[in-house]
Amino acid sequence: MSIVTRRVITYCFIFLCAMGFLKLYLNQEVLYSCLGSFIISLISIPIADPKVLDKIIYFSKREVFKRNLKKTIDSYQESFNIPSLVSKLKIDVKKYFEKEILDKKFIDKSSDYECAALMFAMQDEKNPFTIAPDLSVSDFREIARKAAMNIQYRTILLSNSLQNLGCNNKEILLLNDNKYHVAEELKSESDDSFYKRILASKDDEIIIFSTTSQVSSGMINIISSHHSSIKKFNFYICSPFILKHGAIRSMFSEYNNPSFATPKMQFIQNETGTVDIEMDATRRVLKIISSIHNLVEFSNEKKVSIEVNIFKKEYPGLKLKVLKNSKFIQIQPGNLSYANNLYRFGVETDSSSLFNDVLNKVNIYKENSEFVEEVPLISDRLNNFENEALSELTLWLLERGVTPEKILKHRDLLMAKIVDDKFLLRIDKITNSLRKARDEVKISLGLNLDLCEIYTKRYNSCKTPGIFVGQNNIGNLYHITVATIFVKDNSLLMIRKSDKAYGNKLSIVAGHLENGESPVEAIIREVREEIGIKLDSYCFIKKEVEVHDKCRHGLDLHDWYIFYSNQIKDISNIDFDGTEIEYLEWVPLDKLSSMKHEFTQGASLIMERLGYISE
């Protein structure tokens, strides 16, 4: 578009706006005079500023953008469908930024509706649209602060977070504190408010929902100073079990956001500036274990009753602080994929109706063993809990190729903000286990299929009990075998099965998957049935397809799911079933090849494929 054309359009636009305004106050004669004056003024077009039209077009386009966002966000209360809302906002925002850039200028001029839309639209994407490279976490905090001023945005996050507990109380929509502190400001404000409520309480019971962070030192100090006012402390936190539970892995979404929405100092990063998932997951596990450890020490010192529960599947998307007897509750939604301390806001209330409803749903949620599990706080059982979590973390790290040297390199970052005298001992356990496992496992560990297949896929779940029989794409029938390779001190655990069908030969701990089982459920059952132990520490290492080994049930085609474990230390204490097993023995790894003829066909083929014996 030429400069002259821009100027003509600019003047025409200004004139039409002016005429529309003047028509309200002037008669027809005066209007005609104005029109004549305008035509004469066209002579001055060459001196007009061409940037005026650009500004008019920009702000006109942005006003349309704002109206569309407002319409979409306001429509939520009609459908209460947050996935649909997020999908629509992503489309609208991406379309606008096809020819624009998100920069400081846009943020400075942005409305609360625009910021609310950005909060929904940017999550779960590293590069959702063009973002100025100079934006930082402080700019993201400003977007979050403005978004929290939007009542619809607050309503959406609050109602959706409570829905995760099964609570649909519409009274939450009426809460309005008129103060919307965000992130770090919120923490100090909410802790101060909660502290004042504790001062006014007596023999109260505290309930706190957290994520993976340590219990706030400020909160511990508050409770310590006024522990006589507290009868019981109920703490909920994400499970430290990174394999059998999904809570920590569900929070990996925090790593998949724009760089300016990812706090550099909060997550452990690698040399490229991106989040080091393995090291940061290790940090989370260690912080959870440390939090539980500190709570137990506090309980013993102050004689306050403590109960700790872990979220198994996922963090439910909200932080709660409850004084049960005082009927006071703070609700802080955290159901977006960003780090919670960047954007979380909160409300508080002592409304009996809302309080009773939320507390009832918390109790129901707690009783659902699919979502929540209580942590045993008796010394020996708690030590076992911690050791199991660390073993599982070690095996997960092993699967992902993490070395002991890498753990030690990041030790200072792993222990940042952790006040715990056992921290270094836990690091030693992890590094020593990694060294030992790396020396003993003869194949390259690595997940070669989705974890959900191992943990959640169930075969023929609708059929009657019995051994699973599948059919491949060319019509051949097959079974599924699950097996665990137990290794200790460069030796592999072998068993001699009692069933004569196995020809009195040695085998690994293995058995058939039954209808309705996942591979993990099957291997836990088989280990319990064959050698009488509960399999707690293990990792999946490989799936072998179409192994031609004939079993006692008549089929000679099997798919194998193979797991590794270093859980067994002493076989003399194993009370195995004599009808299943004649005896167990440790066979040195360097003797396996020479003993190949003593193994069952299936065990021999699998150990060949794993590299333990030569063909």
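Residues numbered from 1 in each chain as written. Predicted model: local features only at pLDDT ≥ 70, side-chain atom pairs only at ≥ 80, totals over all residues. Heavy atoms only, no water.

Student: I tried to follow the side chain of Ser-491 on my own but got confused; where do I start?
Tutor: As for its position among the elements, Ser-491 is in strand 10 (residues 491-497). Excluding residues that lie within four positions of it along the chain, Ser-491 makes contacts with Phe-486, Trp-586, Val-587, Pro-588 and Leu-589. (Helix = DSSP H or I, 4+ residues; strand = E, 2+ residues; numbered from the N terminus. Contact = heavy atoms within 4.5 Å.)

Student: I would appreciate a short explanation of the packing of aromatic side chains in the present structure.
Tutor: To describe a pair of aromatic rings, one takes the distance between the centres and the angle between the planes. Going through the model one piece at a time under the given rule, you end up with 25 aromatic pairs. Geometrically, the ring pair formed by Phe-65 and Phe-97 is edge-to-face, given 6.4 Å between the ring centres and 85 degrees between the ring planes. With Phe-65 in helix 3 (residues 51-74) and Phe-97 in the loop between helix 5 (82-96) and helix 6 (104-109), this pair connects stretches of sequence that are 32 residues apart. Just as Phe-65 is buried, Phe-97 falls in that class too. The rings of Phe-209, Tyr-236, Phe-311, Tyr-315, Tyr-365 and Phe-371 are connected pair by pair, giving a single aromatic cluster. Positioned above the aromatic ring of Phe-106 is the side chain of Arg-62, whose terminal nitrogen or guanidinium carbon lies 3.8 Å from the ring centre. The aromatic ring of Phe-194 is capped on one face by Lys-321, whose charged end is 5.9 Å from the ring centroid. (Phe/Tyr/Trp six-rings, centres within 6.5 Å; stacked < 30°, edge-to-face > 60°. Buried < 20%, exposed > 50% of the residue type's maximum accessible area, 1.4 Å probe, protein only. Lys NZ or Arg CZ within 6 Å of the ring centre and 35° of its normal.)

Student: Got a minute to help me understand the nonpolar core in this structure?
Tutor: Within soluble globular proteins, side chains that are nonpolar tend to cluster in buried spots. Leu-102, Met-119, Phe-120, Tyr-153, Leu-320 and Ile-508 are the most contacted members of the largest nonpolar core, which has 145 residues in total. Per-element tally for this core: the top contributor is helix 13 (residues 277-302), with ten residues. What Tyr-153 contacts, discounting residues up to four positions off in sequence, is Ala-116, Met-119, Phe-120, Ala-147, Ala-148, Leu-336, Tyr-343 and Phe-345. (Core = buried A, V, L, I, M, F, W, Y, C linked by side-chain atoms within 4.5 Å.)

Student: Even after reading the chapter, I still don't get unusual backbone geometry, so can you show me in this structure?
Tutor: Most peptide bonds are trans, and most residues other than glycine sit at a negative phi. Non-glycine residue Asp-203 carries a positive phi angle of around 50 degrees. With respect to the helices and strands, Asp-203 occurs in the loop between helix 10 (184-199) and strand 1 (204-209). The exposure class assigned to Asp-203 is partly exposed, which follows from its relative accessible area of 41%. Backbone geometry places Lys-327, a non-glycine residue, at a positive phi of 55 degrees. Mapped onto the secondary structure, Lys-327 falls in the loop between strand 4 (318-323) and strand 5 (328-333).

Student: Even after reading the chapter, I still don't get the pairing of strand 9 (residues 477-488), so can you show me in this structure?
Tutor: On a regular strand, one side chain projects to one face of the sheet and the next to the other, so that they alternate. Of all twelve residues that make up strand 9, ten are buried, and the element is covered over most of its length. Note that strand 8 (residues 470-471) and strand 9 share two bridges and pair antiparallel. Paired with Gly-470 across the strands is Tyr-478, a residue of strand 9. Between strand 8 and the antiparallel strand that follows it, strand 9, lie five residues; Gly-475 among them carries a positive phi value of about 90 degrees. The pairing of strand 9 with strand 14 (residues 558-565) spans eight bridges and is classified as parallel. Its bridge partner lying in strand 14, Ile-485 is registered against Tyr-564. Sheet topology places strand 9 next to strand 12 (residues 509-512); four bridges connect them, and they run antiparallel. (Pairing = 2+ DSSP bridges.)

Student: Whenever I open this one, the pattern of salt bridges confuses me. Can you help?
Tutor: Should their charged atoms come close, side chains of opposite charge can pair. For the structure shown, the criterion picks out 31 salt bridges. For Glu-373, the salt bridge goes to Lys-312, with nearest N and O atoms at 3.9 Å. Here Glu-373 is found in strand 7 (residues 372-374), whereas its partner Lys-312 is found in the loop between strand 3 (305-311) and strand 4, with 61 residues between them in sequence. The class of Lys-312 is buried, set by a relative accessible area of 16%. A salt bridge links Arg-426 to Glu-386; the nearest nitrogen and oxygen atoms lie 3.0 Å apart. (Salt bridge = Lys/Arg side-chain N within 4 Å of Asp/Glu carboxyl O.)

Student: What is the right way to read the sheet that holds strand 3 from this model?
Tutor: Paired through backbone hydrogen bonds, the strands of a sheet run either parallel or antiparallel to each other. Here we have seven strands laid out as an open sheet, ordered 6-5-4-1-2-3-7, and mixed in their pairing. Edge positions in the sheet fall to strand 6 (347-349) and strand 7, since each has one partner strand and no second. In this sheet, adjacent strand axes meet at a mean angle of 15 degrees when their direction is disregarded. Here six bridges tie strand 1 to strand 2 (residues 230-238), and the two strands are oriented parallel to one another. Considered in strand 2, the bridge of Asp-204 is made with Ile-230. Contacting strand 4, strand 5 and strand 6, helix 9 (residues 151-163) runs over the sheet at an angle of about 105 degrees to strand 5. (Axes fitted to C-alpha atoms, helices over the stretch in contact; angles between N-to-C directions.)

Student: Just checking my understanding: could you explain the confidence of the model for the protein chain for this structure?
Tutor: Do not read the fine detail of predicted coordinates wherever pLDDT is low. Looking at the protein chain, pLDDT values average 82 and 81% of them are 70 or higher. Considering each helix and strand of the protein chain separately, the mean pLDDT is smallest for helix 2 (residues 28-41), with a value of 52, and largest for strand 7, with 95. Of the regions scoring below 50 in pLDDT, residues 21-26 engages in four contacts with residues more than four places distant in sequence or in other chains. Here residues 443-450 is a poorly scored stretch, pLDDT under 50, and it has 18 contacts once near neighbours within four places are set aside; other chains count. (pLDDT = per-residue confidence, 0-100.)

Student: Got a minute to help me understand helix 21 (residues 519-531) in this structure?
Tutor: Residues lying three or four places apart along an α-helix face the same way, a consequence of the helix completing one turn every 3.6 residues. Here helix 21 is 13 residues long and its end C-alpha atoms lie 18 Å apart, about the 18 Å a rise of 1.5 Å per residue gives. Turning to helix 21, its buried residues are Pro-519, Val-520, Ala-522, Ile-523, Arg-525, Glu-526, Val-527, Glu-530 and Ile-531. Looking at the residues trailing helix 21, positive phi occurs at Gly-532, about 70 degrees. (Expected span 1.5 Å × (residues − 1).)

Student: Can you walk me through the packing of helix 7 (residues 112-122) against helix 8 (residues 137-147) in this structure?
Tutor: Helix-helix packing is described using two parameters, namely the angle between the two axes and the distance between the axes. It is the contact of helix 7 with helix 8, at a shortest axis distance of 7 Å, that shows an interaxial angle of 120 degrees. Classified by the interaxial angle, the pair formed by helix 7 and helix 8 is oblique. The two elements helix 7 and helix 8 cross, and the hand of that crossing is left-handed. Where helix 7 approaches helix 8, its residues Asp-112, Cys-115, Ala-116, Leu-118, Met-119 and Met-122 are matched on the opposing element by Phe-140, Ile-143, Ala-144, Lys-146 and Ala-147. Taken together, the residues of the contact of helix 7 with helix 8 break down into nine nonpolar, no polar and two charged. (Parallel < 35°, antiparallel > 145°, perpendicular 65-115°, else oblique. Left-handed = near helix turned anticlockwise from the far one by under 90°. Nonpolar A, V, L, I, M, F, W, Y, C, P; charged D, E, K, R; others polar.)

Student: Is there a simple way to explain helix 22 (residues 601-610) in this structure?
Tutor: Counting buried positions over the ten residues of helix 22 gives seven, a clear majority of the element. Looking at helix 22, one finds that the buried residues are Gly-602, Ala-603, Ser-604, Ile-606, Met-607, Glu-608 and Leu-610. Where helix 22 is buried, its residues contact strand 9, strand 10, strand 11 (506-507), strand 13 (539-547) and strand 14. Just downstream of helix 22, Gly-611 is the residue with a positive phi angle, here 90 degrees.

Student: Any chance you could explain the packing of helix 5 against helix 7 here in plain terms?
Tutor: It is at 8 Å that the axes of helix 5 and helix 7 come closest, and there the two elements cross at 105 degrees. With respect to helix 7, the axis of helix 5 lies roughly perpendicular. For the pair formed by helix 5 and helix 7, the contact residues are Ile-82, Leu-85, Val-86, Leu-89, Lys-90 and Val-93 on the first element and Ala-117, Leu-118, Phe-120, Ala-121 and Met-122 on the second. Grouping the amino acids of the contact of helix 5 with helix 7 by side-chain chemistry returns ten nonpolar, no polar and one charged.

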